[in-house]
Amino acid sequence: MKMNKKVVTLAGVALTAMSLAACGNSGKNKASGDLNVTLKANPVTLDPAKTIETPSTSMQDQAFEGLYKYDKNNKVVLGEAASQPTVTNDGKTWTFNLKKGLKWSNGDEVTAQDYVASMRHWADPKTKSQAADKVSNLENYDQVAKGTAPTSSLGVKALGKYKVQFNFAKKQPSVNVRNSFAADLKPVNHKVLAKEGSKYGSSSAKAVYNGPFKVTNWNGGSDDEWSYVKNEHYYGKKNVHMKKVNVQVTKDNNTAQNLFKSGKVQETSVTADFVKGNKGNKELHTSLMATQYYLYFNGKNELTKNENFRQAVNYAFNTNQLAKKVLQDGSVGATGWVPQGDMKNPKTGEDFAKEAGHLQKQDKQKAQDYWKAAQKDLGKNNMTLNLLADNTDDQKQVAEYLQSTLQKQFKGLKVEVTTLPHAQHVSRDFAGKFELNLTDWNSSVPDASDFLSLLKTGNKVNFTNNTDEKLDNLLNEANDGTKSASDRYKLLQQANKQVHTNADGVPLYTAAQAHLVSKHVTGLNYGPFNTVAQYQYAQWKK
């Protein structure tokens, strides 16, 4: 989500560079010591149960580890699990044994109770987790989330100090379970959680860590600098080569490029403007993510809840033009609600999005017809809407394209743009304080249901507030745990078509990520479902 250009003075660039230099940089040919990196937005929390955005995920991925993890090639492998789980009860019960000798950064043992406490923390309505749906497949989740059953009834229990069992309400696709434990479902030190309560993870001092690094000197969502320090209690510490990673929030692309060029940072993300002119740069790394950007309509606004208006906007955009002419960073125009490269047909291996066909097409005549119908419905010829977006460079460009296209195609429509820092934007999403909303979803599992369920009734991230009973029924049937993989796939394809029939949002593009990585650094790779660098694998080239 993003927008408007920010002017950065040379003094501002110098100040940032000096700040990072103080953290251990030594110049353009730096090839030892601390690793210095940037992040383009401020993290909000160190509490996995309260995390819904990429900056917080990036920070947590360095400091926490689950039963599975991503290896240096972004493959899901065993993490804190000693071996593959025992799966019983027709795929609904998963039992794990933990590695022996696991410890938190404060020296406490990692136990099965830490996983139990974490899952209960996610589901507990007192937590007010905006990401609680990630544990919604556990037995008794609905009752716990509503407060009608105690958290102790949730489908997770310790069978011993080092054995934890998960009971799912329905049979789960095994790939989804593994990816969820690798990407999202991390343990918490149950003693620290009990001590800190609602303040757990609000700063680096109010959490302890079981991953390769400890987070230090992060005091909350407005902090622009902090560090990851090697966790000497981590079981795999011998394979963690960087003793310290210093992080600087750098929202302006030009600042990030200048810091990298001068050798003040060794890794930074860059946007389209840089990618366009540096196709042959060997330090530039680009890859597609399992991230889809959408334009959402507020279902409570007079104009945006009008179905004719929603249909008009759905036919207004050329998504390939947006990706290739505006972004020019390797992003791909959306062909449908589910991005390419996500799910595959279990029988043929065919890509879900490709098999669905081009469901998102520009049709200027249909757009005009629906716009005139919307004007007639509302009895108005002239209307004004506000478009909400992030205040980063790439999202400003996308918002400006959307604004220009809508105003050009729909006579009488004025679109105003509001850009905000990411955390403020997210807050407005959940409060429903928008009319049009440029937002995104990054999935951690190769399953179309994760994207389609964004519009399911009751989903906390269904920001449209619209209800589609037919879509709900298709998703419920697909995920009831009784269908074969092939039958489930067919139901998800039907749900995919229904999303487009109802036009609750507009899929715009599958996002690419671009990073500059110093030629002196190796081990940093980026994948579709694990989009942030794993600094535990970084090392200086010999």
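Just so it is clear, the structure is predicted and the values come from calculations on it, not from any experiment. (Residues numbered from 1 in each chain as written. Predicted model: local features only at pLDDT ≥ 70, side-chain atom pairs only at ≥ 80, totals over all residues. Heavy atoms only, no water.)

### Quick look at the sheet that holds strand β6 (residues 156-160)
Strand pairing in a sheet takes place through backbone hydrogen bonds and is either antiparallel or parallel in direction.
Here comes step 1: Taken in spatial order, the 4 strands make up an open sheet running β4-β5-β7-β6, and their pairing is antiparallel. Each having just a single partner strand, β4 (86-88) and β6 make up the two edges of the open sheet. On average, each strand axis in the sheet is inclined to that of its neighbour by 20°, with strand direction left out of account.
Here comes step 2: With 4 bridges connecting them, β6 and strand β7 (residues 163-167) associate as antiparallel partners. If you follow Ala158 over to β7, its bridge partner there is Val164.
Here comes step 3: This element, helix α3 (residues 112-123), spans β6 and β7 of the sheet and lies at about 170° to β6. (Pairing = 2+ DSSP bridges. Helix = DSSP H or I, 4+ residues; strand = E, 2+ residues; numbered from the N terminus. Axes fitted to C-alpha atoms, helices over the stretch in contact; angles between N-to-C directions. Contact = heavy atoms within 4.5 Å.)

### Some words on the pairing of β7
Here comes step 1: Burial of β7 is extensive: 4 of the 5 residues sit out of reach of the surface.
Here comes step 2: In the sheet, strand β5 (residues 93-97) pairs with β7 via 5 bridges, with the strands oriented antiparallel. Bridging across to β7, Thr93 finds its partner in Asn167.
Here comes step 3: If you look at the hairpin formed by β6 and β7, you'll find 2 residues sitting between the two strands. (Buried < 20%, exposed > 50% of the residue type's maximum accessible area, 1.4 Å probe, protein only.)

### Observations regarding the packing of helix α16 (residues 469-478) against helix α17 (residues 485-502)
The description of two packed helices rests on the angle between their axes and on the distance between the axes.
Here comes step 1: Closest axis-to-axis distance for the α16/α17 pair is 9 Å, and the angle between their directions is 165°. Here α16 is positioned roughly antiparallel relative to α17, judged by the angle of their axes. Of the two elements, α16 crosses α17, and the hand of that crossing is left-handed. Residue-level contacts link Lys470, Leu471, Leu474, Leu475, Glu477 and Ala478 of α16 to Arg488, Leu491, Leu492, Gln494, Ala495, Gln498 and Val499 of α17.
Here comes step 2: Taken together, the residues that form the contact of α16 with α17 break down as 8 nonpolar, 2 polar and 3 charged. (Parallel < 35°, antiparallel > 145°, perpendicular 65-115°, else oblique. Left-handed = near helix turned anticlockwise from the far one by under 90°. Nonpolar A, V, L, I, M, F, W, Y, C, P; charged D, E, K, R; others polar.)

### Side note on the environment of Lys134
Here comes step 1: Within the secondary structure layout, Lys134 lies in the loop between α3 and α4 (141-146).
Here comes step 2: Take Lys134: its relative accessible area is 25%, and that puts it in the partly exposed class.
Here comes step 3: Each C-alpha atom of the pair Lys134 and Met119 lies 9.6 Å from the other, and the pair is 15 residues apart in sequence.
Here comes step 4: Each residue touching Lys134, except ones within four places of it in the same chain, is listed here: Trp122, Asp184, Leu185 and Trp441.

### Side note on helix α9 (residues 307-314)
Given 3.6 residues per helical turn, the α-helix brings residues three or four places apart onto the same face.
Here comes step 1: Burial runs high along α9: 6 of the 8 residues are buried.
Here comes step 2: When we look at burial in α9, the residues that qualify are Phe309, Arg310, Gln311, Ala312, Val313 and Asn314.

### Digging into empty space enclosed by the protein
Gaps between atoms show up when a probe of the same size as a water molecule is rolled over them.
Here comes step 1: Across all of its chains, the model carries 4 cavities of 30 Å³ or more by this definition.
Here comes step 2: Taken together, Lys40, Thr250, Lys251, Asp252, Asn253, Ala256, Thr268, Ser269, Thr271, Thr392, Asp393 and Asp394 make up the full set of residues lining the largest cavity.
Here comes step 3: Elements that contribute at least two residues to the lining of the largest cavity include exactly α7 (253-261), β11 (267-269) and α13 (393-409).
Here comes step 4: Counted by class, the lining of the largest cavity contains 1 nonpolar, 6 polar and 5 charged residues. (1 Å grid on protein atoms, 1.4 Å probe; cavity = no way out; pocket = protein on both sides within 12 Å on 5 of 7 lines; lining within 4 Å. Points joined across faces, edges and corners; volume = space filled by probe spheres on them.)

### Some thoughts on the pattern of salt bridges
Here comes step 1: Counted under the stated rule, the structure contains 11 salt bridges.
Here comes step 2: The residue Glu196 makes a salt bridge to Lys206 at a minimum N-O spacing of 3.3 Å. Residue Glu196 is found in helix α6 (residues 190-196), and its partner Lys206 is found in the loop between α6 and β8 (213-216); the two are separated by 10 residues along the sequence.
Here comes step 3: Judged by relative accessible area, which is 26%, Lys206 ranks as partly exposed.
Here comes step 4: In this structure, the salt-bridge partner of Lys380 is Glu302, at a minimum N-O distance of 3.1 Å. With Lys380 in the loop between α12 (364-378) and β14 (383-390) and Glu302 in the loop between β12 (284-297) and α9, this residue pair connects regions lying 78 residues apart in the sequence.
Here comes step 5: On the basis of relative accessibility, which here comes to 35%, the residue Lys380 falls in the partly exposed class. (Salt bridge = Lys/Arg side-chain N within 4 Å of Asp/Glu carboxyl O.)

### Remarks on the pairing of β5
Here comes step 1: Across the 5 residues of β5, 4 count as buried, placing the element largely inside the fold.
Here comes step 2: If you look at the hairpin formed by β4 and β5, you'll find 4 residues sitting between the two strands, and Asn89 has a positive phi there, around 55°.

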